[in-house]
Amino acid sequence: MSAPVTEDLLIVGAGGFARETAQAVRDVAAADVAGGRPPRWRLAGHLDDDPALHGREVDGVPVRGGCELVHELPAARVVVCAGSPRDYAVRARLVRRLGLPGERYATVVHPTAAVSGSSAVGPGSVLLAHCVLTAGVRVGSHVAVMPQVVLTHEDEVADFATLATGVRLGGGVRVGRGAYVGAGALVREYTAIGAWSLTGMGSTVLADVPAGQVWAGGPARLLRPAGAAALAELARDAPVPAGTAAHGTEDGSGTEDGTGPDGRRPETRMGSPVA
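Residues numbered from 1 in each chain as written. Predicted model: local features only at pLDDT ≥ 70, side-chain atom pairs only at ≥ 80, totals over all residues. Heavy atoms only, no water.

Visitor: Explain helix 1 (residues 16-34) to me, and be specific about the residues and the numbers.
Guide: With 19 residues, helix 1 extends 27 Å between its outermost C-alpha atoms, agreeing within 8% with the 27 Å of an ideal straight helix rising 1.5 Å per residue. Among the residues making up helix 1, those that are buried are Phe-17, Ala-18, Thr-21, Ala-22, Ala-24, Val-25, Val-28, Ala-29 and Asp-32. All buried residues of helix 1 fall inside an arc of 160° around its axis, so they share one side. Residues of helix 1 that are exposed and angled more than 90 degrees away from the buried face: Val-33 and Ala-34. (Helix = DSSP H or I, 4+ residues; strand = E, 2+ residues; numbered from the N terminus. Expected span 1.5 Å × (residues − 1). Buried < 20%, exposed > 50% of the residue type's maximum accessible area, 1.4 Å probe, protein only. Arc of directions from axis to C-beta.)

Visitor: Tell me about the sheet that holds strand 15 (residues 162-163), and name the residues and values.
Guide: The strand order across the open sheet formed by eight strands is 6-9-12-15-18-21-23-24, and the pairing between neighbours is mixed. In the strand order of this sheet, the two ends are held by strand 6 (108-109) and strand 24 (220-225), each with one partner. In the sheet, strand 12 (residues 144-145) pairs with strand 15 via two bridges, with the strands oriented parallel. Across the sheet, Ala-144 pairs through a bridge with Thr-162, a residue of strand 15. (Pairing = 2+ DSSP bridges.)

Visitor: Kindly report on the environment of Gly-202, identifying the contributing residues and their values.
Guide: Inspection of the secondary structure puts Gly-202 in the loop between strand 21 (198-199) and strand 22 (204-205). Judged by relative accessible area, Gly-202 falls into the partly exposed class, the value being 48%. When the C-alpha atoms of Gly-202 and Gly-184 are compared, they prove to be 4.6 Å apart, with 18 residues separating the residues in sequence. For Gly-202, the residues in contact, after removing those within four places along its chain, are Ala-183, Gly-184 and Ala-185. (Contact = heavy atoms within 4.5 Å.)

Visitor: Hey, could you go over the sheet that holds strand 10 (residues 132-133) for me, with residue numbers and the actual values?
Guide: Judged by pairing direction, the sheet is parallel, and its six strands sit side by side in the order 7-10-13-16-19-22 without closing on themselves. The strands lining the two open edges of the sheet, one partner per strand, are strand 7 (114-115) and strand 22.

Visitor: Can you break down the packing of aromatic side chains residue by residue, with the values?
Guide: Enumeration according to the criterion identifies one aromatic pair in this entry. Ring centres 5.8 Å apart and planes at 50° place the aromatic pair Tyr-88 and Tyr-180 in the tilted group. Placement of the pair is Tyr-88 in the loop between strand 5 (77-80) and helix 2 (90-98) and Tyr-180 in strand 18 (residues 180-181), with a sequence separation of 92 residues. Tyr-180 matches Tyr-88 in its accessibility class, with the two residues each being buried. Against the face of Trp-41 rests Arg-40, its NZ or CZ located 6.0 Å from the ring centre. (Phe/Tyr/Trp six-rings, centres within 6.5 Å; stacked < 30°, edge-to-face > 60°. Lys NZ or Arg CZ within 6 Å of the ring centre and 35° of its normal.)

Visitor: Can you explain the pairing of strand 2 (residues 41-47)? Please cite residues and give values.
Guide: A large share of strand 2 lies buried, amounting to five of its seven residues. Pairing between strand 1 (residues 7-12) and strand 2: six bridges, direction parallel. If you follow Asp-8 over to strand 2, its bridge partner there is Arg-42. As a crossover connection, the stretch from strand 1 through helix 1 into strand 2 is right-handed. Judged from the two bridges that link them, strand 2 and strand 4 (residues 61-65) form a sheet pairing that is parallel. Paired with His-46 across the strands is Val-63, a residue of strand 4. (Right-handed = clockwise from strand over helix to strand, strands pointing away.)

Visitor: Explain the nonpolar core residue by residue, including any values.
Guide: Of all hydrophobic cores here, the largest spans 29 residues; its most connected members are Val-12, Val-70, Leu-98 and Trp-196. Of all the secondary-structure elements, those providing two or more residues to this core are strand 1, strand 2, strand 5, helix 2 and helix 3 (228-237). Here this core gets five residues from one element, more than from any other, and that element is helix 2. Excluding its chain neighbours within four sequence positions, the residues that come into contact with Leu-98 are Val-12, Cys-67, Glu-68, Val-70, His-71, Val-80 and Tyr-105. Grouped together as the second largest cluster of nonpolar side chains are 26 residues, Leu-127, Val-145, Ala-185 and Val-187 included. (Core = buried A, V, L, I, M, F, W, Y, C linked by side-chain atoms within 4.5 Å.)

Visitor: Lay out the pattern of salt bridges with the relevant residues and their values.
Guide: Per the counting criterion, the structure on display carries twelve salt bridges. The partner of Arg-37 in a salt bridge is Asp-32, and the shortest N-O contact between them spans 3.2 Å. A residue is classified by how much of its surface remains accessible, and Arg-37, at 42% relative accessible area, is partly exposed. Put simply, Asp-237 and Arg-177 hold a salt bridge, and the shortest N to O gap is 3.1 Å. Taken together, the residues span a long stretch of sequence, with Asp-237 in helix 3 and Arg-177 in the loop between strand 17 (174-175) and strand 18 at a distance of 60 residues. A residue is classified by how much of its surface remains accessible, and Asp-237, at 35% relative accessible area, is partly exposed. (Salt bridge = Lys/Arg side-chain N within 4 Å of Asp/Glu carboxyl O.)

Take a look at the structure:
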C-alpha cells in the first residue's frame with residue numbers, strides 16, 4: 001500500500017464561505033498531523049474573479065488570480081466555495097464554467113463533523129464544524145453544509161444545495177438540487193424542499209416547499225418566486241422539448257442565466273477586499 005500523499009488544494013472564492021473552508025482545511029491538516037499522518041492537503045491559495053483581491057492575502061492565504069487558473073494547475077484539487085442567499089446559484093454556474101472532471105474536486109469534512117459509516121458525501125462538498133449525519137444520509141456534489149447542521153436518517157441532499165448554520169432536518173427529508181435552507185430552519189420528517197427554492201432563516205417547514213419558490217415563517221408559507229438566477233437554473237434543469245433551443249438565444253450569443261457564449265458571467269465576484 002502506497003503512503004498517503006499531501007495534495008495541493010485550491011479554493012475557488014475568497015468570501016466568507018471560502019474563508020471558513022480554508023480554516024476547515026487547516027483543522028483537517030492539524031488533525032492529520034496529530035494522528036501521525038501526513039496532511040491531506042496543502043492550501044495552494046484562493047482563486048477569485050475580483051481583480052482587487054489578486055495578489056493579496058485572505059487570512060494568510062494568497063489570492064492567486066482568477067478562477068481560470070485552475071486549468072494552469074492541473075495537479076491541484078479544487079473546491080468551489082461561493083454563494084449566498086442573494087445568489088445561491090453561483091456555485092452551479094462556476095462548476096459548469098470551469099468544466100473540470102469530477103476527480104479534480106476535493107471533499108472537505110471538518111474533523112469535528114460526525115459522519116456515520118452508512119452515510120455518503122459527494123465530491124466538491126464541504127461539511128463545516130460540528131455537523132452530524134446520523135444514518136443512511138446521502139449528500140450530493142458541491143453541497144455546502146454549514147456549522148451545527150443535523151441531518152437525520154435517510155435524508156437526501158441533492159447537488160449544489162446549501163444548508164445554512166443550525167439547520168435541522170427530520171428523517172427522510174429530500175432537499176432538491178440547488179435549494180437554499182436558511183439558518184436555523186427546522187424541516188419536518190419526510191417533507192421535500194424543492195429544487196432551487198429558498199427557505200428563510202428560522203422557518204419551520206411542515207409541508208413540501210415547491211421548486212423555485214421562497215418560503216418563510218412558522219409554519220413556513222409562500223412569500224414569492226425565487227430570484228432570476230435560481231429560476232434560470234431550474235429552467236436549465238428541466239427537460240427541453242425536441243426542436244427547441246436550450247438555455248440561450250437562437251444565435252448562441254448568450255444564455256438565460258446572464259452568461260455569455262463561453263459560459264462566463266461578467267459580474268461574478270465572490271469575495272470582498274480584505275485588509
